[in-house]
Amino acid sequence: MNNKISSKIFIDGGVVGETRQAKEMLGYLDGQTTNPTLIAKNLAAKLGGKKISEEEALSEYKRIVQEISQIIPQGSISIQVFANIDTKAEEMLEQARERTRWILNASIKFPCTYEGLKAAEIACREIAINLDLNFSQSQAAAVYEATRDAKYPVFISPFVGRLDDIGENGMQVVANILKMYEDSDDHVEVLTASVRSIEHILYAIHLKSPIITIPFKTLMEWGNGGFRSPEVGYQYKPNKLAPIPYDEFITLGKDWQSYDLAHPLTYKGLQRFWDDWKSIVS
Ligand code: E4P
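Residues numbered from 1 in each chain as written. Predicted model: local features only at pLDDT ≥ 70, side-chain atom pairs only at ≥ 80, totals over all residues. Heavy atoms only, no water.

Structural notes on the overall build of the protein chain
In terms of helices and strands, the protein chain carries 11 helices and 8 strands. Computed over C-alpha atoms, the radius of gyration of the protein chain comes to 18 Å, within 12% of the 19 Å expected from 2.2 N^0.38 for 282 residues, which places it in the range of a compact globule. Principal axes of the C-alpha set define a box for the protein chain whose edges measure 50 × 45 × 35 Å. Across the 282 residues of the protein chain, 56% fall into the buried class. Taking the contacts inside the protein chain whose residues are at least 6 apart along the sequence as the reference set, 71% of them involve residues at least 24 apart. When the accessible surface of the protein chain is split by element, carbon and sulfur atoms take 50% of a total near 12600 Å². For the protein chain, the distance from the average site of its 31 positive side-chain charges to the average site of its 37 negative ones is 4 Å. (Helix = DSSP H or I, 4+ residues; strand = E, 2+ residues; numbered from the N terminus. Rg over C-alpha atoms; globule rule 2.2 N^0.38 Å. Buried < 20%, exposed > 50% of the residue type's maximum accessible area, 1.4 Å probe, protein only. Contact = heavy atoms within 4.5 Å. Areas by Shrake-Rupley, 256 points an atom, 1.4 Å probe, with all protein chains shown as cover. Lys, Arg positive; Asp, Glu negative; His and termini not counted. Charge placed at Lys NZ, Arg CZ, Asp CG, Glu CD.)

Thoughts on the site of the ligand
Inspection of the region around the ligand gives Asp 12, Thr 33, Asn 35, Leu 38, Lys 109, Phe 159, Arg 162, Ala 193, Ser 194, Arg 196 and Arg 272 as its neighbouring residues. Within the shell around the ligand, the residues separate by chemical class into 3 nonpolar, 3 polar and 5 charged. (Near = heavy atom within 4 Å. Nonpolar A, V, L, I, M, F, W, Y, C, P; charged D, E, K, R; others polar.)

Some points on the packing of aromatic side chains
Applying the stated criterion to the full structure yields 11 aromatic pairs. Aromatic pair Tyr 61 and Phe 82: ring centres 6.0 Å apart, planes at 20 degrees, arrangement stacked. Taken together, the positions of Tyr 61 in helix H3 (residues 54-71) and Phe 82 in the loop between strand S3 (76-80) and helix H4 (89-99) put the pair 21 residues apart, joining distant regions of the chain. Of the residues examined, Tyr 61 reaches a relative accessible area of 0% and is grouped as buried. Consider the rings of Tyr 144 and Tyr 181, whose centres lie 5.5 Å apart with planes at 45 degrees: the pair is tilted. With Tyr 144 in helix H6 (residues 137-146) and Tyr 181 in the loop between helix H8 (170-180) and strand S7 (188-192), the pair connects residues that are 37 residues apart, well separated along the chain. Classification of Tyr 181 as buried rests on a relative accessible area of 5%. Site record: aromatic cluster; members linked through ring pairs are Tyr 61, Phe 82, Trp 102 and Trp 277. (Phe/Tyr/Trp six-rings, centres within 6.5 Å; stacked < 30°, edge-to-face > 60°.)

Here's what the structure looks like:
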């Protein structure tokens, strides 16, 4: 593994064997992200169409992250709260406090919604957190301001692949957030997520994204090519993606509630996590 890479490498998944294999292949692994879709997919494969109770599903989620935690006890492991558009901050907080007790190295994921940030504002003083379903510079400004009093690590996860999927240049959101955070106190770390390709990885490394979470398949492809780094002067040239330009008018230093949090992919993503989780419970 190339030691010139400054980004931490996480695996994005929900299968214990993949975490083990990724660590073996890299020679280390800095962490893991999970989400309801990935966990439900893993469980669905085992259940073969059978449904289980919400309680059983949750205890399976707990078992999976506990096993992962044994493989990477020093790594950070993201566990998601289950929320839909109606879920209130108090309920997310309750789930977060419960999930953080599952393992010693948990980072609890909240969505970049009004209720998610309201919960995160309190949670960041108690536990490590990760704000996901991030699709805009404006949401990232709100995350930064809502977590100013953080006493534990705070991650923000821009989902780049999902923006690419709708024809927009997702990696530009990562670049824009890093630029906006340049003169900040660094209390929020950018975790490039929803990675779909080696080019995403190379550009995230080039941008010095503090963390990159990579699905097993893409990690293996990258590994089979020797975990290459971007060459000097690397240029990211995605095919036919609409630019997402940096917005000079979005600056840090305002009340988090004053930033525009709305993004269609945030709501769509929230619903998808919810539906995927519910698809395995009776
Ligand atoms: C990260 O925390 C998420 O689990 C993940 O990267 C989402 O990726 P997807 O867009 O491929 O579902």
